[in-house]
Amino acid sequence: MSLPPPAKAPQDMAQDDKPVINFDLGASMADIERRLEEARLGTASGFVTPAPPQAAPPVDVPQTAIPQASQPPSFESGFLAELAQAAAQKQGANLSATQKLQARSQSLHDALNRISGFFTPFIQFANGLEPDIPRIYRLDARTVFSDLKWHNASFDARKQDLSAAALLAHVTFSVNYQAPEPVLLTRPWNQLDALKSELCSLKLRVIDETELDSKRPKQEWLKVRLAADFPVYLRFIANYDKGHIDVLSRNLLEFGISSFRIAPEEINTLLLEDLGRVLLGRTDKLPPPLQPL
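Parameters and conventions
Residues numbered from 1 in each chain as written. Predicted model: local features only at pLDDT ≥ 70, side-chain atom pairs only at ≥ 80, totals over all residues. Heavy atoms only, no water. Phe/Tyr/Trp six-rings, centres within 6.5 Å; stacked < 30°, edge-to-face > 60°. Helix = DSSP H or I, 4+ residues; strand = E, 2+ residues; numbered from the N terminus. Buried < 20%, exposed > 50% of the residue type's maximum accessible area, 1.4 Å probe, protein only. Lys NZ or Arg CZ within 6 Å of the ring centre and 35° of its normal. Salt bridge = Lys/Arg side-chain N within 4 Å of Asp/Glu carboxyl O. Pairing = 2+ DSSP bridges.

A.B. asks: Go over the packing of aromatic side chains with me, naming the residues and quoting the values.
C.D. replies: All told, the structure shown has 16 aromatic pairs when counted by the stated rule. Judged by centre distance (5.3 Å) and plane angle (75°), the rings of phenylalanine 145 and phenylalanine 230 are edge-to-face. Placement of the pair is phenylalanine 145 in strand E3 (residues 144-145) and phenylalanine 230 in strand E8 (residues 229-239), with a sequence separation of 85 residues. Of the two residues examined, phenylalanine 145 and phenylalanine 230, each falls in the buried class. In this structure an aromatic cluster arises from ring pairing among Phe118, Phe119, Phe122, Trp150, Phe155, Phe173 and Phe236. Just above the ring of tryptophan 221 sits the side chain of arginine 142; from NZ or CZ to the centre is 5.2 Å.

So, in structure tokens, the structure goes:
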């Protein structure tokens, strides 16, 4: 409950009742107007015109840094250390296996390069010499190729692809041995189909294909003239999966197809020289690493 304001003293009340302008009733109207004007001006001069508000000075707002993603704290654990060691060992084992595979592939590639390095000049010299081949090739007891001569040897090397860094895929040597004249072949007529297959396998050519026509009038014996030349063939294939060289031959020492397997480190100068002597007919003994499978 609010208390009433205290009563004013008599002198204060007297001051409150005192007029702001003392009018002299006996003054003229002009004096009254003058006094009113002075009072008005004096009252106006009692007011202070407030100053215009000033703009507040700029306040520096501190820049708040954008929070960065925090890294998880490292965790010390013997189990995790064990896993890390096992992972490192596996990575090292994979790297070692890759290096071994690359080294093995390079070894096969180098072996084929050595073969190329030998056969390139070998065929150049042999084609110039055209030596006699003192070896007899028998297709059967009555079909014999003899008095042979070396003719038209060639060599071919193929890569795995067309890139400059590609490894060699295989290299191939071939030569024709040529008899002095065509060779007559005699077989029973009932062996015609088997004979066709055999001639195809050995790459023996028939001079007149009509002699193998089954519609011809059949005599007791089938007689066919074979071309005087036949191919001798050697192909060295890099088996990059198994890590060895597969060798395929046709008519090497006799009519027929043979296969061999040889380690790349066994492809050396001695083996290649011995193989060259076999091809020239100077020996009928294959190098020990080249034994038919």
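A.B. asks: Run through the pattern of salt bridges, naming residues and quoting values.
C.D. replies: A side chain with one charge may pair with a side chain of the opposite charge, provided their charged atoms come close. One pass over the structure, following the stated rule, counts 9 salt bridges. For aspartate 229, the salt bridge goes to arginine 205, with nearest N and O atoms at 2.5 Å. Highlighted residues: aspartate 229 in strand E8 and arginine 205 in the loop between helix H4 (192-202) and strand E7 (221-226), separated in sequence by 24 residues. The exposure class of aspartate 229 is buried, given its relative accessible area of 17%. When the shortest N-O distance is used, the salt bridge between aspartate 274 and arginine 277 registers 3.2 Å. Residue aspartate 274 and its partner arginine 277 are both found in helix H5 (residues 269-279); the two are separated by 3 residues, about one turn of the helix. One network of salt bridges, with partners in common, ties together Asp140, Arg187 and Glu198.

A.B. asks: Could you give me a rundown of the pairing of strand E9 (residues 244-250), with the residues and numbers involved?
C.D. replies: The element E9 is largely enclosed, with a buried count of 6 among its 7 residues. Relative to E9, E8 runs antiparallel, the two being bridged by 7 bridges. Across the sheet, the residue bridging to isoleucine 237 is aspartate 246, located in E9. In this antiparallel pair of consecutive strands, E8 and E9, the connection spans 4 residues, and glycine 243 shows a positive phi of 85°.

Honestly, it's all geometry; don't read function into it.
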